[in-house]
Amino acid sequence: MDTTPLRRAYDRLLDAAAIPDLGDADDGGWNADQILAHLLSVDASIAAVALSVVAGSRPTFDNRVSLDPWNLDRIITEHAGRAALRDHVRSQATILCDIADRLDEKAASVPVPSLLLSNGVLVLDQPIPLAGLIDGLAEDHVPVHTQQLLDLRVAVPGHA
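Just so you know, these numbers come straight off a predicted model, no measurement behind them.

Visitor: Provide a residue-level description of the confidence of the model for the protein chain, including the pertinent values.
Guide: Confidence in the prediction of the protein chain, expressed as mean pLDDT, is 93, and 96% of residues score 70 or more. In this model residues 156-160 is a low-confidence stretch, pLDDT under 50, and it forms zero contacts with partners more than four residues away in sequence or in other chains.

Here is the structure:
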């Protein structure tokens, strides 16, 4: 697999996560730490799925644990601040991309039964190829969370 688009998406996300003074979401959504914790959970799950496929297993992917507030709080608590969360996202994204880079076409095409929720709405409940799961991170998931981070910028009075 070519993970160049995913690596670029993570570079943009990590740049956004490094912006000082990220506030809270106006709509009551996740703050920056919760977004980063969510990404850590998703990335670990997808890396585990990819490694399971290579090992000959036929795993499933279910993103509900990465949405669970208790789990997000646990992940946040295990880190010494946003910089540590950002560093962990960077290293874990690298691991995920390194795994994906080594997937052959046969492994990348293995259908993975997947259950995806977003904001309490069912988005997907069907098998998708492993490559589709990984490419979906670059095409949609990471850019959406990058925009969420950018939307958390606190306006500084007197600055445009």
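Having seen the model, we can carry on.
Visitor: Can you explain unusual backbone geometry? Please cite residues and give values.
Guide: Of note, Asp21 is a non-glycine position whose phi angle comes to about 60 degrees, a positive value. In this structure, Asp21 sits in the loop between helix H1 (4-17) and helix H2 (32-55). Even without a glycine there, the phi angle at Asn119 is positive, about 50 degrees. With respect to the element layout, Asn119 can be found in the loop between strand S2 (111-118) and strand S3 (121-129). With relative accessibility at 77%, the residue Asn119 sits in the exposed group.

Visitor: Just give me the short version of the environment of Pro129, but keep the residues and values in it.
Guide: Within the element layout of this structure, Pro129 appears in strand S3. The exposure class assigned to Pro129 is partly exposed, which follows from its relative accessible area of 41%. Separated by 56 residues in sequence, Pro129 and Asp73 have C-alpha atoms that sit 31 Å apart. If we skip the residues at most four places from it in the chain, Pro129 touches Ala108, Ser109, Val110 and Pro111.

Visitor: Any details on the sheet that holds S3? Residues and values, ideally.
Guide: Within the open sheet, the three strands sit side by side as S1-S2-S3. Their pairing is mixed. Every other strand in the sheet has two partners, leaving strand S1 (61-62) and S3 as the edge strands with one partner each. Both S1 and S2 contribute to a ladder of two bridges, which runs parallel. Each residue of the ladder has a partner; that of Asp62, found in S2, is Leu115. Along the sheet, helix H6 (residues 130-151) makes contact with S1, S2 and S3, crossing S3 at roughly 135 degrees.

So, how was this worked out
Residues numbered from 1 in each chain as written. Predicted model: local features only at pLDDT ≥ 70, side-chain atom pairs only at ≥ 80, totals over all residues. Heavy atoms only, no water. pLDDT = per-residue confidence, 0-100. Contact = heavy atoms within 4.5 Å. Helix = DSSP H or I, 4+ residues; strand = E, 2+ residues; numbered from the N terminus. Buried < 20%, exposed > 50% of the residue type's maximum accessible area, 1.4 Å probe, protein only. Pairing = 2+ DSSP bridges. Axes fitted to C-alpha atoms, helices over the stretch in contact; angles between N-to-C directions.

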